[in-house]
Amino acid sequence: MASDTIGPKAGRAKPSPTHAPTSDITVLAAALMIFGGTMAILEGVAAIAKDDLFLATRHYVFEFSLSGWGWVHLVLGIVIVLAGCAVLTGALWASYFGVFVAGLGAIANFLWVPYYPLWAMTLVAVNIFIVWALCTGMHREAAEGQTA
């Protein structure tokens, strides 16, 4: 008859301080980062191409050229997508970096409001939700790591 004690289970190993088990809310945050980053990339490409979709405003305090804003959103979108992929790996640094770049994304889209208000406010809300989800997910993962 086989013994029920096989030894320590692999899933119950003590978590590493650099990699934590990813909770469902962290996976949601990573998916939203990939989505929001992709939307920022599309926003940047459209602005660089000087699409007629955007409104030209006058006398705005944070006035860049449309191409300048396009490059900002393109680069920031690529960084957010890469950070979202890194968050999926469970790396602790990726969660902190994700909070940082999502915060930058929220600020950049807030400053983008005069050019395309509905799109910008939607991405501000997505980025703020990403920050909340990553912070909540890190809190839950830390609590799970202490009980394991």
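Residues numbered from 1 in each chain as written. Predicted model: local features only at pLDDT ≥ 70, side-chain atom pairs only at ≥ 80, totals over all residues. Heavy atoms only, no water.

Peer 1: Would you mind going over the nonpolar core with me for this structure?
Peer 2: Looking at soluble globular proteins, one finds that nonpolar side chains tend to be buried together. By size, the foremost hydrophobic cluster in this structure holds 19 residues, and its most contacted members are Met-33, Ile-80, Val-87, Ala-94, Val-101, Ile-130 and Leu-134. The set of elements that each furnish at least two residues to this core consists of α1 (24-48), α2 (66-88), α3 (92-111) and α4 (117-147). Beyond its immediate chain neighbours, meaning those up to four positions away, Val-101 contacts Met-33, Leu-76, Val-79, Ile-80 and Ala-83. Formed by six residues, the second largest nonpolar core is a distinct cluster that contains Ala-47, Trp-69, Tyr-115 and Ala-120. (Core = buried A, V, L, I, M, F, W, Y, C linked by side-chain atoms within 4.5 Å. Buried < 20%, exposed > 50% of the residue type's maximum accessible area, 1.4 Å probe, protein only. Helix = DSSP H or I, 4+ residues; strand = E, 2+ residues; numbered from the N terminus. Contact = heavy atoms within 4.5 Å.)

Peer 1: Sorry if this is basic, but what is going on with the packing of α1 against α2 here?
Peer 2: Describing two packed helices takes the angle between their axes plus the distance from one axis to the other. Interaxial distance between α1 and α2 falls to 7 Å at its minimum, and their mutual angle equals 160°. For the element pair α1 / α2, the angle class is roughly antiparallel. Viewed along their axes, α1 and α2 form a crossing whose handedness is left-handed. Within the contact of α1 with α2, the residues separate by chemical class into 19 nonpolar, nine polar and one charged. (Axes fitted to C-alpha atoms, helices over the stretch in contact; angles between N-to-C directions. Parallel < 35°, antiparallel > 145°, perpendicular 65-115°, else oblique. Left-handed = near helix turned anticlockwise from the far one by under 90°. Nonpolar A, V, L, I, M, F, W, Y, C, P; charged D, E, K, R; others polar.)

Peer 1: Looking at this model, I keep getting lost on a nonpolar patch on the surface. Mind explaining?
Peer 2: Taken together, Trp-93, Phe-97, Phe-100, Leu-104 and Ile-107 make up a surface patch of nonpolar side chains, about 530 Å² in accessible area. With respect to the helices, strands and loops of the structure, Leu-104 is situated in helix α3. Its relative accessible area of 34% is what places Leu-104 among the partly exposed residues. (Patch = residues over 30% accessible without salt bridge, like charges linked within 9 Å, V, L, I, M, F, W, Y side chains within 5 Å. Areas by Shrake-Rupley, 256 points an atom, 1.4 Å probe, with all protein chains shown as cover. Salt bridge = Lys/Arg side-chain N within 4 Å of Asp/Glu carboxyl O.)

Peer 1: Explanation requested: the environment of Leu-111 in the structure shown.
Peer 2: Relative to the helices and strands, Leu-111 resides in helix α3. Placed 10 residues apart in sequence, Leu-111 and Met-121 show a C-alpha to C-alpha distance of 9.9 Å.

Peer 1: What should I look at first to understand the packing of aromatic side chains in this one?
Peer 2: Two numbers describe a pair of aromatic rings. These are the distance of the centres and the angle of the planes. Under the counting rule described, the total for this entry stands at four aromatic pairs. On the numbers, 6.2 Å between centres and 65° between planes, the contact of Trp-69 with Trp-112 is edge-to-face. Note that Trp-69 is positioned in helix α2 and Trp-112 in the loop between α3 and α4, a separation of 43 residues in sequence. A network of ring pairs unites the aromatic residues Trp-69, Trp-112 and Tyr-115 as a single cluster. (Phe/Tyr/Trp six-rings, centres within 6.5 Å; stacked < 30°, edge-to-face > 60°.)

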